[in-house]
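Analysis of the macromolecular model
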Amino acid sequence: MEFDASLEDLPKHFAIDGDIVTSHVLAVLSSVFPDGEDYFVRSVEAVRDRIQDPALGEDVDGFIGQESMHGREHRALNERLAELGYPTRAIGTYVQKLTAFRERFQSEKANLAVTAALEHYTATLAETLLTDPEARAEIGHDGVRYLLMWHALEESEHKAVAFDVYKRVGGSERLRVAMMWVVHLNFLLETSIWALISLAMDPAARRHPLRVLRGLGRMRRSPFFSMRAARQLFQYHRRGFHPNDRDTTELIAVWRAKLFGSDGTLTDLLAS
């Protein structure tokens, strides 16, 4: 997968109707993905030799391959966003330092618990994007929409792998749920702070405060911030939860056919 060519005409505010706020939030999320997903891969690779189940071992190999590809393509997007003035490089550096800190001071099981929790976040965002046309419409640029839809599909495919690895190496329910509370706090604070920094650096946001206010109002109505998405996130706290409790097999099959067709080639159906 290569999306470079489709990002060449990316405008500064690439969300629907040039929405400033949504553009900055999407840019922040993309900035986090490459180094965040490298951390996911390292957390799983650290215990790879303890996975004796051949099926789970194959899933782990697929997980590593997909996450590595996601990081590569988001780096291409992030470089284009940096050219447009977004602080993607600074956010990437911050994520590198944060994950290095975690790996230095947390146990392997704790890192896996964080990875499993964040994979539930990405699976929730992915399912929202795949099921809700309004969510897809919020991404106003075709190239970014293509990339995020492809990413969402693959996140849905491997949403249970890190969780299964965590359970297989003896991770407890208490640690799993505790790390999700940490992730909730970090995700909310870090995304909000970086979005505010990014907005503060944007001359258009300073010149057009009413556009920013309208963008904030629109975000409150976004499918990504809906009660449905929140309920899905908090299902993770249920004792005995497993990511496959939400069966997305049919959803994955439908979107694999829409995105790639019968010959495996990326199609032009993402706007539908």
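So, here is what we can say about the structure in this document. The shown structure was predicted, so the numbers you read here are calculated from the model rather than taken from an experiment.

1. So, the packing of helix H2 (residues 54-83) against helix H6 (residues 142-157)
Orientation of H2 relative to H6, taken along the N-to-C sense of each, is 160°, at an axis distance of 11 Å. With respect to H6, the axis of H2 lies roughly antiparallel. H2 and H6 meet at a crossing whose hand is left-handed. Contacts from Gln66, Glu67, Met69, His70, Glu73, His74 and Leu77 of H2 reach H6 at Val144, Leu147, Leu148, Trp150, His151, Glu154, Glu155 and Glu157.

2. Structural notes on the pattern of salt bridges
The final tally for this structure, using the stated rule, is 18 salt bridges. The residue aspartate 35 makes a salt bridge to arginine 75 at a minimum N-O spacing of 3.5 Å. Note that aspartate 35 is positioned in helix H1 (residues 20-45) and arginine 75 in helix H2, a separation of 40 residues in sequence. A relative accessible area of 12% places aspartate 35 in the buried class. A relative accessible area of 34% places arginine 75 in the partly exposed class. Note that aspartate 142 is salt-bridged to arginine 145, the shortest N-O span being 2.6 Å. With a gap of 3 residues between them, aspartate 142 and arginine 145 both fall in helix H6, about one helical turn apart. With a relative accessible area of 43%, aspartate 142 lands in the partly exposed category. A relative accessible area of 9% means that arginine 145 is categorised as buried. Each member of the salt-bridge network shares a partner with another, and the members are Asp17, Asp19 and Arg218.

How each quantity is defined
Residues numbered from 1 in each chain as written. Predicted model: local features only at pLDDT ≥ 70, side-chain atom pairs only at ≥ 80, totals over all residues. Heavy atoms only, no water. Axes fitted to C-alpha atoms, helices over the stretch in contact; angles between N-to-C directions. Helix = DSSP H or I, 4+ residues; strand = E, 2+ residues; numbered from the N terminus. Parallel < 35°, antiparallel > 145°, perpendicular 65-115°, else oblique. Left-handed = near helix turned anticlockwise from the far one by under 90°. Contact = heavy atoms within 4.5 Å. Salt bridge = Lys/Arg side-chain N within 4 Å of Asp/Glu carboxyl O. Buried < 20%, exposed > 50% of the residue type's maximum accessible area, 1.4 Å probe, protein only.

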